[in-house]
Amino acid sequence: MAEQKPEFWRWHEYTWRDEGKNWKDYEMITAGVDIGSVSSKAAVMVDGELYSYSLYRTGSSSPDSAHKAMQGCLEGTGMTIDDIKFIVGTGYGRVNVPFAHKTVTEIACHARGANSMNAGVRTILDMGGQDCKAILCDERGKVQQFLMNDKCAAGTGRGMEVVSDLLSVPIGDIGPLSLGVNREPPPVSSTCVVFAKTEAVGLLREGFDVAEVLAAYCAAMAHRVVTLIQRVGVQKEFAITGGISKNSGVVKRIEKELGVEAVEIAPDAQLAGAIGAANFAKDLLAKQMARAGG
Amino acid sequence: MVAAGIDVGAETVKVVLLNGEKVVGSSIVRGGLDRSKSADEAMDEALKSAGLSRGDVERTVATGIGRKEVEFATAVATEIAADARGVTVLFPSVRTIIDVGAEEARGIKTDGTGQVTDFAKNEKCAAGVGSFVGSMARALEIQLEDMGPLSLESDKEIPMNVTCVVFAESEVVSLIHAKVPKPDIARAIHGAIATRTTSMVRRVGIEKEVVFIGGVAKNPGVVESLKRHLGVDFLIPEEPQMVGAIGAAMIAATAN
Amino acid sequence: MLANYGYSDGSGTYYITLDTDKCNGCGDCVTACPQQMFLVEPDDYDDDKVVIKEAMRKDVKYLCAPCKPTAGPRELPCEATCAPGAIVHSW
Ligand code: SF4
Ligand code: SF4
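Keep in mind that this is a model prediction, so the values were computed, not measured. (Residues numbered from 1 in each chain as written. Chains lettered and ligands numbered in written order. Predicted model: local features only at pLDDT ≥ 70, side-chain atom pairs only at ≥ 80, totals over all residues. Heavy atoms only, no water.)

(A) A look at the packing of helix α2 (residues 106-117) of chain A against helix α8 (residues 272-293) of chain A. All names here are of chain A. The contact between α2 and α8 brings their axes to 6 Å, and the two run at 95 degrees. Comparing the axis directions of α2 and α8 gives the class roughly perpendicular. Counted together, Ala-108, Cys-109, His-110, Arg-112, Gly-113, Ala-114, Ser-116 and Met-117 of α2 and Ala-272, Gly-273, Ile-275, Gly-276, Ala-277, Asn-279, Phe-280, Lys-282 and Asp-283 of α8 form the full contact between these two elements. Across the contact of α2 with α8, the residue classes break down as 8 nonpolar, 6 polar and 3 charged. (Axes fitted to C-alpha atoms, helices over the stretch in contact; angles between N-to-C directions. Helix = DSSP H or I, 4+ residues; strand = E, 2+ residues; numbered from the N terminus. Parallel < 35°, antiparallel > 145°, perpendicular 65-115°, else oblique. Contact = heavy atoms within 4.5 Å. Nonpolar A, V, L, I, M, F, W, Y, C, P; charged D, E, K, R; others polar.)

(B) Geometry of the environment of Tyr26(A). All names here are of chain A. The topology assignment puts Tyr-26 in the loop between β1 (14-17) and β2 (29-35). Overall, the relative accessible area of 24% leaves Tyr-26 in the partly exposed class. Residues in contact with Tyr-26, not counting those within four places in the same chain, are Lys-21, Val-46, Asp-47 and Glu-49. (Buried < 20%, exposed > 50% of the residue type's maximum accessible area, 1.4 Å probe, protein only.)

(C) Representation of the interface of chain A and chain B within the structure. At the interface, 17 residues of chain A touch 18 residues of chain B. Contact between chain A and chain B buries roughly 1400 Å² in total, counting both sides, with carbon and sulfur atoms accounting for 72%. At the boundary of chain A and chain B, one finds 0 salt bridges. Linking chain A with chain B are 1 residue pair in polar contact (both at pLDDT 80 or more). For the side of chain A that touches chain B, the secondary-structure elements that each account for two or more residues are α3 (157-167) and α5 (193-205) of chain A. In terms of residues, the side of chain A that touches chain B owes the most to one element, α5(A), which gives 6 residues. Class assignment for the residues of the side of chain A that touches chain B results in 10 nonpolar, 3 polar and 4 charged. (Buried area = accessible area lost by both parts, 1.4 Å probe. Salt bridge = Lys/Arg side-chain N within 4 Å of Asp/Glu carboxyl O. Polar contact = N/O pair within 3.5 Å; in protein donor to acceptor, adjacent residues only side chain to side chain.)

(D) Inspection of the sheet that holds strand β6 (residues 102-103) of chain A at higher detail. Residues and elements named next belong to chain A. Here we have 6 strands laid out as an open sheet, ordered β1-β4-β3-β2-β5-β6, and mixed in their pairing. Sheet topology places β1 and β6 at the edges, where each strand pairs with a single neighbour. Two strands pair when backbone bridges link them, and β1 and strand β4 (residues 49-57) are joined in this way by 4 bridges, in the antiparallel orientation. Bridging from a neighbouring strand, Tyr-14 pairs with Leu-55 of β4. Running at roughly 40 degrees to strand β3 (residues 39-46), helix α1 (residues 62-74) makes contact with β1, β2, β3 and β4 of the sheet. Contacts between α8 and the sheet are confined to β2, β3, β4, β5 (86-91) and β6, with β2 contributing the most and set at about 140 degrees to the helix. (Pairing = 2+ DSSP bridges.)

(E) Structural context of the domain arrangement of chain A. Residue and element names in this part refer to chain A. For chain A, the assigned domains are domain 1 (14-118 + 270-293) and domain 2 (123-264). The partner domain 2 presents 19 residues to the 12 residues of domain 1 that form the contact. Between domain 1 and domain 2 the total buried area reaches about 1200 Å² when both faces are included, carbon and sulfur atoms providing 61% of it. Of all residues in domain 1, the largest losses of buried area upon contact with domain 2 belong to Tyr-92, Ile-107 and His-110, amounting jointly to 41% of the total for that side. Seen at the junction of domain 1 and domain 2, the total is 1 salt bridge. Where domain 1 packs against domain 2, one counts 4 residue pairs in polar contact (both at pLDDT 80 or more). Of the residues assigned to the side of domain 1 that touches domain 2, the class counts are 5 nonpolar, 5 polar and 2 charged. (Domains from an automatic or database assignment.)

(F) Spotlight on the domain arrangement of chain B. All names here are of chain B. Domains assigned within chain B are domain 1 (1-90 + 239-256) and domain 2 (92-236). Regarding the contact of domain 1 and domain 2, the summed buried area is about 1500 Å², with carbon and sulfur atoms giving 72% of it. Among the residues domain 1 hides against domain 2, the three largest losses belong to Ile-80, Thr-88 and Pro-240. Together they make up 38% of the total. Counting across the domain 1 and domain 2 interface gives 1 salt bridge.

Dropping the structure here:
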């Protein structure tokens with residue numbers, strides 16, 4: 001347990017740029033930088049359209065991670081940070097994006113971004129490595145209600161990792177394995193990951209196999225997340241973001257319990273915060289220009 | 001007449017045998033996954049220590065999380081009732097009971113006759129109960145018994161974010177990597193349990209005398225920390241983890 | 001916006017809901033709360049609104065415990081002082 005483990009959710013660092021656009025043709029160049037506990041993302045927008053984005057692992061210093069993500073968006077474009085008229089920073093906890101003009105909460109950015117990538121989205125469930133958020137937004141992506149749980153490991157990627165360690169099943173295999181069972185044991189009844197572990201060992205002794213125990217845990221996790229999201233209520237469209245959105249064993253069970261299917265967010269749900277921040281930057285820049293002009 | 005009290009806790013099973021008001025036998029065994037089997041073992045061990053057999057026991061009252069799994073019990077009592085009764089026998093002047101066990105912590109107010117007037121609980125989150133210390137001892141790679149004495153070597157308050165055992169495990173690992181001395185980490189862990197326990201007890205109100213029972217009361221690190229946070233002194237019985245079983249045995253002895 | 005600050009763990013669910021549409025930014029709760037949990041500050045849309053201090057959000061069950069004695073009346077200072085009724089506890 002002592003060694004630092006890589007994020008298991010099989011994502012790669014990458015950058016993307018819209019080759020068809022020349023940024024010099026646009027007036028409002030804005031950017032959003034989202035420093036999460038695991039990944040750092042940046043997005044550049046030109047007149048409200050996506051121009052480039054990048055996604056890297058977060059290092060030990062958030063200013064360095066912010067620089068790296070920003071540079072990823074600029075590389076090969078000839079654009080420098082000074083060409084960007086407004087930058088909004090966001091992320092987990094007290095983030096430090098030294099070159100940002102303003103900081104906006106991650107909840108607001110996340111909602112705005114998910115909604116701008118898929119205009120129908122009203123409910124966002126974000127299941128990250130260390131927290132879980134449920135957000136309800138209006139048709140413009142403005143937050144109507146939110147709830148966050150970052151106190152307890154149950155219902156987060158970290159909780160899933162504990163189970164993956166305990167049963168020696170790679171995280172990426174948990175979903176498919178848990179969906180392949182013929183009988184579902186009763187869901188693990190303890191919410192607490194510590195006590196759930198004891199329960200899981202008990203289930204193994206009772207003769208349930210590893211896949212069945214995984215099913216019991218995925219069902220418990222789905223149920224926990226569902227009770228959280230029901231506090232804010234679910235409106236369509238419903239989107240799931242964050243690492244656990246890649247675990248079909250949990251996602252399918254959430255959809256079943258809620259009776260609602262989750263929609264896709266393109267190009268990549270992980271970018272919601274950064275793209276939302278870039279959108280905020282665009283509005284703030286417009287305000288600034290209006291003030292300067294009038 | 002011999003009466004028995006059995007306390008089936010999350011980690012251990014305790015048995016006390018009474019003849020009248022006199023303790024004639026007792027046992028404490030580690031509980032396994034099969035609670036009814038552990039209960040049998042603990043009972044047999046206590047009987048052996050007293051030189052008695054099952055037939056000599058007239059009534060058995062079971063308490064603790066696993067109280068419903070004791071097949072030979074004649075009645076059950078809640079942990080709260082058993083605690084209050086046991087404490088009243090040992091210390092009639094006590095009005096406030098703090099009980100921190102492996103999976104549950106309780107603050108109980110009693111009227112001095114063994115009746116419960118009020119209580120509050122921390123349960124089902126490992127961060128507020130005794131098993132927290134066990135998990136942290138593993139993360140620190142030291143024996144559980146050594147945690148308390150080790151923490152007493154520290155006089156530093158280090159900031160530690162201990163809201164969840166799972167997150168705290170990773171935090172302990174990074175503190176060790178950052179070369180923070182283990183005694184300081186141990187102290188922070190005990191401080192976290194003590195703050196949670198204190199706010200729980202404040203909900204029922206602290207009225208003198210106060211007693212601290214349950215397995216965690218044997219950890220001098222928690223005791224010190226709790227004294228600091230609570231701001232009042234408290235009694236600790238010689239065998240703080242046996243109080244529930246004593247109470248259950250008393251209930252058995254006086255039932256008709 | 002309904003902002004739910006707090007948490008849910010194995011022991012239960014503890015949220016303080018702050019209705020920023022009702023909050024008028026008066027700051028009465030800031031002085032009323034014995035634990036000084038509230039802060040009025042500009043939100044993402046630049047209005048002065050109430051929030052719960054970040055460092056306290058994962059501890060509300062314990063911080064609020066003295067206001068919630070198991071016996072006797074429990075009129076919470078924060079809920080009672082907020083004239084527009086923007087503060088509601090879930091537990
Ligand atoms: S319930 Fe368990 S997993 Fe959740 S906060 Fe408590 S210790 Fe952590
Ligand atoms: S219940 Fe008391 S401590 Fe909690 S927020 Fe309200 S006034 Fe503050």
